[in-house]
Amino acid sequence: MNKRIWLSSPHMGGDEIKFVHETFESNWIAPLGANVDNFEKDLGDYTGVKHVAVLTSGTAAIHLALIILGVRQGDEVICSSFTFSASANPIVYQGATPVFVDSESTTWNMDPQLLKTAIEARLKLGKKPKAIVIVHLYGNPAKLSEIEEIAAGFDIPVIEDAAEALGSEYKGAKLGSFGKIGILSFNGNKIITTSGGGALLSDSQEYVEKARFLATQARDDAPHYQHSHIGYNYRMSNVLAGIGRGQMIVLPERIRQRRYNFDYYKNKLSGLPGVSFLEEENGSFSNKWLTCMLVDPKLSGGITREDIRLYLWESQIESRPLWKPMHVQPVFEQYPRYVNGTSEKLFQDGLCLPSGSNLLDEDLERVTSGISELFIK
Ligand SMILES: *Cc1c(COP(=O)(O)O)cnc(C)c1O
């Protein structure tokens, strides 16, 4: 029986356990301590963002970002439609309305022209969006210059969901450093992981101090427990921050390995009829978190991404369709959307291939020969 090949599994470097051990030695088994402080410092140094707060999840980071930017009941927030639901859920936590904007086909991320159309249309309705959540899907940088220019023109703050894009760059700067607030995720399937975790990043000290305050139950400065705000329990555990410190050491290596996977797949598969891969734009550098393949059934002799997914699964290989856009998710059905068909087409024709940094050449070979086989059949 073949061993199972997973889509994206955790990959420890070896030093994580040393930092975790220190928490036991010092008994700082708590949501604060030296690992929390140092992991925040490591992330700040790496991304070039001045202030960082590590949290329980990327979702928590997006939630706090919205609160800090003043998003409340009845407000509207623009969000990429082509994403994972965690980009949009916190908008609804706040009682606000997500307004979904579709993708363009060169980065698969938010279409700047459509963003402008959406903002103008909401303004006409007398509803100025309170914030824009842009996502860098699969590590691919969005068209940030265009988006930032539009957002600045309307004076709307950008939240950068870089959950999948730690280590990716746009015009030489790390993703997560562009928006008013950036967020990261360290969930088990991300490029580095703390099992579960996230971070909020900003050059604004005020924002990040506010995030720490809200994430630790919003305790006012008093000897007793005094509260004048609703708080959250969103701070990262010092134990898990130890894993994060160890993972930061191997991050550059993880990016190299994920990019290797992409090149391997592209070399072996892009000759197949109807198969294509997303290319990096000039000035963009992707961490290639997941390698995604598009299959056009009109050119592939009728083979669909679902045929490939099922065929791989028979030989114990996990692959997954691209994200199903938010505007076609039952839970978000009632919300406004500005769409152009791009993300629905990507969902229909796209497949994420196994992309872990711990895959061996023989694993990659099993995937590519499996797919090639199906095309010969
Ligand atoms: C993983 C992910 C999140 C949420 O991060 P968690 O740490 O799992 O809460 C948000 N947005 C995107 C695009 C993600 O992929």
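The structure under discussion appears in the preceding block.
A. Geometry of the packing of aromatic side chains. Evaluation of the coordinates by the stated rule reveals 11 aromatic pairs. Ring geometry for Phe100 against Phe332: centres 5.3 Å apart, planes inclined by 65°, an arrangement best described as edge-to-face. Of this pair, Phe100 sits in strand β3 (residues 97–101) while Phe332 is found in the loop between β13 (320–321) and β14 (337–338), placing the two residues 232 residues apart along the sequence. There is no split in this pair, since Phe100 and Phe332 are both buried. Members of the aromatic cluster, joined through ring pairs, are Phe84, Trp108, Tyr138, Trp289 and Trp323.

B. The state of the cysteines, seen in detail. Tallied over the full model, the rule gives 0 disulfides. A disulfide-free cysteine, Cys292 has its sulfur positioned 4.0 Å from the sulfur of Cys352, the nearest such atom. For Cys292, a relative accessible area of 5% puts it in the buried group. For Cys352, a relative accessible area of 2% puts it in the buried group.

C. Fine view of the sheet that holds strand β7 (residues 173–174). Taken together, the 3 strands give an open sheet; going across it, the order is β7-β6-β11, and neighbouring strands pair in antiparallel fashion. The open sheet terminates on both sides in strands that have one partner only, identified here as β7 and β11 (284–285). Pairing between strand β6 (residues 169–170) and β7: 2 bridges, direction antiparallel. Following the sheet pairing, Glu169 is matched in β7 by Lys174.

Criteria and thresholds
- Residues numbered from 1 in each chain as written.
- Predicted model: local features only at pLDDT ≥ 70, side-chain atom pairs only at ≥ 80, totals over all residues.
- Heavy atoms only, no water.
- Phe/Tyr/Trp six-rings, centres within 6.5 Å; stacked < 30°, edge-to-face > 60°.
- Helix = DSSP H or I, 4+ residues; strand = E, 2+ residues; numbered from the N terminus.
- Buried < 20%, exposed > 50% of the residue type's maximum accessible area, 1.4 Å probe, protein only.
- Disulfide = S-S within 2.5 Å.
- Pairing = 2+ DSSP bridges.

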